[in-house]
Amino acid sequence: GEHSVTIGKASVDLVWTNETELESAVYNGQPYEVKVDVRFNGQSVGSASIKYTSDEVTVTDGKAVNAGSYTAEATFAGTDNYNATTESYGFTIAKMVLYGEWEVDDTIALTYDGTSKAGYATWTWTTAPLNEGDVTVGYKYELNGAIVDDVIDAGNYNVDAVFTDNTGNYDTESGILQGDRFDEL
């Protein structure tokens, strides 16, 4: 007689190998890549393809680059001996914190002469955005509690730096910016 034996395919585990790096991911203009190992009984038996998706931000050329939350879907296609499997892993790329300080131009005399003194105090980055134009800085001037367009007339002015993140990749509310947005002239 003859006896038939069937050996079934084995199931594999997808093991995320760089979770620590991804837990501290901060926008730096470079892609973050999820790394996954396909294992059977603790031994590596193959690789998985990874696809990134996000409901918050654009996935750039199939990669996780911009600040926001992502889902990485790892797919092992299977082989003659191992079953196919798919698993998802969620991670977030935090916004980059920017730092700066006021720079004072001492060559501008603070005595009324009918000319603008707006350039006296300007914002300078100490930790700058990665690309020019990523974050714009504007100024708001206040004289005796009223918003004014310029710093010309005699008086005590408050100058506020107003930051606009044009990319969504920067934290303009943390770091030095929080307490140092304003200078007095």
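Fair warning: this is a prediction, and the values are worked out from it, not measured in the lab.

A. Looking closely at the overall build of the protein chain. Helices and strands together make up the secondary structure of the protein chain, namely one helix and 14 strands. For the C-alpha atoms alone, the extent of the protein chain along its principal axes is close to 115 × 25 × 25 Å. Counting every position in the protein chain, which comprises 185 residues, the buried fraction comes to 29%. The long-range share in the protein chain, meaning contacts at least 24 apart out of those at least 6 apart in sequence, stands at 55%. When the accessible area of the protein chain is evaluated, it comes to approximately 11100 Å², of which 44% is carbon and sulfur surface.

B. Quick peek at unusual backbone geometry. Even without being glycine, Asn41 reaches a positive phi, approximately 50°. Take Asn41: it is sitting in the loop between strand E2 (36-40) and strand E3 (43-46). Among the residues examined, Asn41 registers a relative accessible area of 66% and is labelled exposed.

C. Fine view of the nonpolar core. Grouped together as the largest cluster of nonpolar side chains are 40 residues, with contacts concentrated most on Leu14, Tyr27, Val34, Phe91 and Ile93. When contributions to this core are tallied by element, the ones reaching two or more residues are strand E1 (13-16), E2, strand E5 (68-76), strand E6 (85-93), strand E9 (121-127), strand E10 (135-143) and strand E12 (157-165). Apart from residues lying up to four places away in sequence, Phe91 is in contact with Leu22, Tyr32, Val34, Tyr52, Ala64, Gly68, Ser69, Tyr70 and Ala72.

D. Up close: the environment of Met96. Along the polypeptide, Met96 turns up in strand E7 (residues 96-97). Look at Met96 and you get buried, because its relative accessible area is 13%. Expressed as a C-alpha distance, the spacing of Met96 and Lys35, which sit 61 residues apart in the sequence, is 23 Å. The residues touching Met96, leaving out its near neighbours within four places in the chain, are Val26, Tyr27, Thr127, Ala128, Leu130, Asn169, Tyr170 and Asp171.

E. The environment of Gly145, seen in detail. Within the element layout of this structure, Gly145 appears in the loop between E10 and strand E11 (146-148). Between the C-alpha atom of Gly145 and that of Trp102, which follows or precedes it by 43 residues, the distance is 21 Å.

F. Structural context of the side chain of Asn18. By the element assignment, Asn18 lies in the loop between E1 and helix H1 (19-23). For Asn18, a relative accessible area of 8% puts it in the buried group. In this structure the side chain of Asn18 is engaged in a polar contact, spanning 2.9 Å, whose partner is the backbone nitrogen of Lys35. Discounting chain neighbours no more than four positions away, the residues touching Asn18 are Glu33, Val34 and Lys35.

G. Geometry of the sheet that holds E6. Taken in spatial order, the three strands of this open sheet run E4-E5-E6, and their pairing is antiparallel. Only two strands of the sheet have a single neighbouring strand rather than two, namely strand E4 (49-53) and E6. Neighbour-to-neighbour, the strand axes of this sheet turn through a mean angle of 25°, independent of strand direction.

H. Broad picture of the pattern of salt bridges. Going through the model one piece at a time under the given rule, you end up with two salt bridges. Measuring nitrogen to oxygen at the nearest pair gives 2.8 Å for the salt bridge that ties Arg39 to Asp37. Owing to a relative accessible area of 16%, Asp37 belongs among the buried residues under this scheme. Of the charged contacts, one joins Asp113 and Lys117 as a salt bridge, the two residues approaching to 2.9 Å between their closest N and O atoms.

I. Region of interest: the side chain of Lys117. Note that Lys117 resides in the loop between strand E8 (99-104) and E9. Accessibility expressed as a relative area gives 7% for Lys117, which makes it buried. A polar contact is formed between the side chain of Lys117 and the backbone oxygen of Ala109, at a distance of 3.2 Å.

J. Focus on the environment of Ala121. Take Ala121: it is sitting in strand E9. Counting along the chain gives 13 residues from Ala121 to Ile108, while the straight-line C-alpha distance between them is 9.7 Å.

The rules we used
- Residues numbered from 1 in each chain as written.
- Predicted model: local features only at pLDDT ≥ 70, side-chain atom pairs only at ≥ 80, totals over all residues.
- Heavy atoms only, no water.
- Helix = DSSP H or I, 4+ residues; strand = E, 2+ residues; numbered from the N terminus.
- Buried < 20%, exposed > 50% of the residue type's maximum accessible area, 1.4 Å probe, protein only.
- Contact = heavy atoms within 4.5 Å.
- Areas by Shrake-Rupley, 256 points an atom, 1.4 Å probe, with all protein chains shown as cover.
- Core = buried A, V, L, I, M, F, W, Y, C linked by side-chain atoms within 4.5 Å.
- Polar contact = N/O pair within 3.5 Å; in protein donor to acceptor, adjacent residues only side chain to side chain.
- Pairing = 2+ DSSP bridges.
- Axes fitted to C-alpha atoms, helices over the stretch in contact; angles between N-to-C directions.
- Salt bridge = Lys/Arg side-chain N within 4 Å of Asp/Glu carboxyl O.

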